[in-house]
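Residue strings, one per chain:
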Amino acid sequence: MLERLAASFSTENYWELFQLVQNSVLTAAVLGLMGGIIGVFINLRRAGLVVHGIAEISFAGAALFLLMGLDVVLGSTLGAVAAAALIGVLSIRDREVSAVTAVLMPFGMGLGILFLYLYQGRTANKFGLLTGQIVGVDDMQTRTLISVAVLISVILILIWRPLMFSSVDPQLAAARGVHVNLLTIAFMVLLGGAVAMSVQVVGALLVLALLVVPSAAALKVARRPVVVVLLSCGFALFSAVAGIMIAIMGTVPISPYITTISFLIYVVCLLVGRRQRARFAAVTADSMN
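Here goes a summary of the coordinates provided. (Residues numbered from 1 in each chain as written. Predicted model: local features only at pLDDT ≥ 70, side-chain atom pairs only at ≥ 80, totals over all residues. Heavy atoms only, no water.)

1. Section: the overall build of the chain
Then, number 1: Within the chain, the regular secondary structure consists of 15 helices and zero strands.
Then, number 2: By residue count, 47% of the 289 residues in the chain fall in the buried class.
Then, number 3: Across the chain, every contact between residues at least 6 apart in sequence was considered, and the portion connecting residues at least 24 apart equals 77%.
Then, number 4: With an accessible surface of roughly 14,700 Å², the chain has 68% of that area assigned to carbon and sulfur atoms. (Helix = DSSP H or I, 4+ residues; strand = E, 2+ residues; numbered from the N terminus. Buried < 20%, exposed > 50% of the residue type's maximum accessible area, 1.4 Å probe, protein only. Contact = heavy atoms within 4.5 Å. Areas by Shrake-Rupley, 256 points an atom, 1.4 Å probe, with all protein chains shown as cover.)

Structure, rendered in structure tokens:
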């Protein structure tokens, strides 16, 4: 298997190939930055499972639009935003976010598989919905992905303080007059858009690698919000861009590279974080003696 994987790599005409995917690299960079920003709130709200649930409904929407011959990105976005808004509303009413998400996940995946079964087009289009297909996006899709990612990032920055407050301590935020429920719905809609955009990079099955893992890694080594966001954006940006630049040398889809890089960054941050805590504990013990 390793020999087969190694044989699939080639550096011949690399820079010519890179020039063909420059727009894709730029798109991945912008989506990585967006993922780094929103990922901080995903981890603070412990919404990793929600991301996966939205991704599966997004996959169903994309598969339906693929079957109908319509824009896949639009279908993915509509499915993701609808699922996110529904989860947000239901979670406010009964507070069982995990249960609501668990109900929607198999429903979305089942519909998506049905639509792909009925689709008679290219197999690559089916596979791309699950594993990502950013190298194959056209100019219109590239502009759409970048525009939506920038819009989501700007809105998150504008509502940063109240959203951060309600994410860290929703009860206290509500007592201070923050509209926690409204912010929850707004965040879920933004999360739906972010998931739909990220699905185009790593696919519905591996979207957590772009939206959750980079910020989780940043939280292992930093505590100041600004530092966490910067590290999260940097990790997500590096994972997305490096994944594409490695993928164009071979025939393996992009997502395994992005997920592997993201996982390795998390492991390194986990080890560094443990060392930092051990050093802090040692210094604290010395100061008390």
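On we go.
2. Regarding the nonpolar core
Then, number 1: Of all hydrophobic cores here, the largest spans 66 residues; its most connected members are Ile42, Ile54, Leu191 and Val195.
Then, number 2: A total of eleven residues in this core trace back to one element, the largest contributor, which is helix H3 (residues 22-44).
Then, number 3: Among residues more than four places away in sequence, those in contact with Ile54 are Ala80, Ala83, Ala84, Ile87, Met188, Leu191, Gly192 and Val195.
Then, number 4: Membership of the second largest hydrophobic core comes to nine residues, among which are Phe59, Ala62, Ala63 and Phe115. (Core = buried A, V, L, I, M, F, W, Y, C linked by side-chain atoms within 4.5 Å.)

3. Description of the packing of aromatic side chains
Then, number 1: Applying the stated criterion across every chain yields a total of two aromatic pairs.
Then, number 2: Where Phe41 meets Trp160, the ring centres are 4.7 Å apart and the plane angle is 70 degrees; that geometry is what we call edge-to-face. In this pair, Phe41 sits in helix H3 while Trp160 sits in helix H9 (residues 160-168), placing the two residues 119 residues apart along the sequence. Accessibility classification places Phe41 together with Trp160 in one group, the buried group.
Then, number 3: When the ring of Phe41 is compared with that of Phe187, the centres are 6.3 Å apart and the planes differ by 65 degrees; the resulting orientation is edge-to-face. Taken together, the residues Phe41 in helix H3 and Phe187 in helix H11 (residues 180-202) connect sequence positions 146 residues apart.
Then, number 4: On the accessibility criterion, Phe41 (0% relative accessible area) is buried.
Then, number 5: A relative accessible area of 1% means that Phe187 is categorised as buried.
Then, number 6: Members of the aromatic cluster, each reached through a chain of ring pairs, are Phe41, Trp160 and Phe187.
Then, number 7: The ring of Phe187 carries the charged tip of Arg45 above its face, separated from the ring centre by 4.9 Å. (Phe/Tyr/Trp six-rings, centres within 6.5 Å; stacked < 30°, edge-to-face > 60°. Lys NZ or Arg CZ within 6 Å of the ring centre and 35° of its normal.)

4. Side note on the packing of helix H13 (residues 213-221) against helix H14 (residues 225-247)
Then, number 1: Put simply, H13 and H14 touch, their axes get as near as 8 Å, and they point 135 degrees apart. In terms of orientation, H13 lies oblique with respect to H14. Note on packing geometry: the crossing formed by H13 with H14 is right-handed. Counted together, Pro214, Ser215, Ala217, Ala218, Leu219 and Val221 of H13 and Val228, Leu231, Ser232, Phe235 and Ala236 of H14 form the full contact between these two elements.
Then, number 2: Per-class residue counts for the contact of H13 with H14 are nine nonpolar, two polar and no charged. (Axes fitted to C-alpha atoms, helices over the stretch in contact; angles between N-to-C directions. Parallel < 35°, antiparallel > 145°, perpendicular 65-115°, else oblique. Left-handed = near helix turned anticlockwise from the far one by under 90°. Nonpolar A, V, L, I, M, F, W, Y, C, P; charged D, E, K, R; others polar.)

5. What to know about unusual backbone geometry
Glycine aside, negative phi is the norm for most residues, and most peptide bonds take the trans geometry.
Then, number 1: Positioned with a positive phi, Arg46 is a non-glycine residue whose angle comes to about 55 degrees.
Then, number 2: Its location among the elements puts Arg46 in the loop between H3 and helix H4 (48-68).
Then, number 3: Its relative accessible area of 76% is what places Arg46 among the exposed residues.

6. Focus on the side chain of Ser153
Then, number 1: Locating Ser153 in the fold gives a position in helix H8 (residues 139-158).
Then, number 2: Ser153 gets classed as buried once you look at its relative accessible area, which sits at 12%.
Then, number 3: Of note is the side chain of Ser153, whose polar atom sits 2.9 Å from the backbone oxygen of Ala149.
Then, number 4: The residues contacting Ser153, other than those within four sequence positions of it, are Met34 and Ile37. (Polar contact = N/O pair within 3.5 Å; in protein donor to acceptor, adjacent residues only side chain to side chain.)

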